[in-house]
Amino acid sequence: MNLIEKRKSQLKNLGIILLVISALALVGGILMLALAKGSAGLIIGGIVLLVAAVAGVVVGVIFTWTSSAVQATQGSIAEGNLGKGTVNMHKCSNCGVEIPEERTICEKCEENLKP
Ligand SMILES: [Zn+2]
């Protein structure tokens, strides 16, 4: 597992943890409001929990979405980056610039890279 994949999974785990905590806060907030029976303290507490839950869901979704949207385009075969959803790169034999593996013409010097 390279550094990008590691960061991605850390971000995803963090997002999932946030979503779980938010779900608990949501349930707690609803329960507090349901049981408040006019008690100002419980109503305020319930609203605070609900707002926190919504914020947690937003951040959690952003984290999990970002982690899946990050494409490891900087990865290369040399780094052992053969993971799913990544773009493998190879070096131009003429100028040395890194280009996606499926490209057979160098973007910089237009060298034909067909094997
Ligand atoms: Zn080139």
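So, a few notes on the structure that sits alongside this text. Everything numeric in this text was worked out from a predicted model, so none of it was measured.

1. Considerations on the overall build of the protein
Secondary structure summary: the protein contains 2 helices and 2 strands in total. Shown N-terminal to C-terminal, the secondary structure of the protein runs as helices and strands in the order α-α-β-β. Across the 115 residues that make up the protein, the buried fraction comes to 14%. Sequence-distant contacts, at least 24 apart, represent 37% of the contacts inside the protein between residues at least 6 apart.

2. Points about unusual backbone geometry
Look at Lys-37: it is not a glycine, yet its phi comes out positive at around 45°. Here Lys-37 lies in the loop between helix 1 (3-35) and helix 2 (40-69). One non-glycine residue with positive phi stands out, namely Glu-110, at about 65°. Topologically, Glu-110 is positioned in the segment after strand 2 (98-100).

3. A few points about the environment of Ile-47
With respect to the secondary-structure elements, Ile-47 resides in helix 2. C-alpha of Ile-47 to C-alpha of Gly-29: the two residues are 18 residues apart in sequence and 6.4 Å apart in space.

4. Focus: helix 1
Here helix 1 is 33 residues long and its end C-alpha atoms lie 48 Å apart, about the 48 Å a rise of 1.5 Å per residue gives. Within helix 1, the full set of buried residues consists of Lys-8, Gly-15, Leu-18, Ser-22, Ala-25, Gly-29 and Met-32. Directly after helix 1, the chain includes Lys-37, whose backbone phi takes a positive value near 45°.

5. Examining the environment of Asn-112
Within the secondary structure, Asn-112 sits in the segment after strand 2. Measuring from C-alpha to C-alpha, the distance between Asn-112 and Ser-93 comes to 9.2 Å, with 19 residues separating the pair along the chain. Look past the residues within four positions of Asn-112 in its chain and what remains in contact with it is Thr-104 and Ile-105.

Rules used in this analysis
- Residues numbered from 1 in each chain as written.
- Predicted model: local features only at pLDDT ≥ 70, side-chain atom pairs only at ≥ 80, totals over all residues.
- Helix = DSSP H or I, 4+ residues; strand = E, 2+ residues; numbered from the N terminus.
- Buried ≥ 20, exposed ≤ 12 C-beta atoms within 10 Å, placed from the backbone.
- Contact = placed C-beta atoms within 7 Å.
- Expected span 1.5 Å × (residues − 1).

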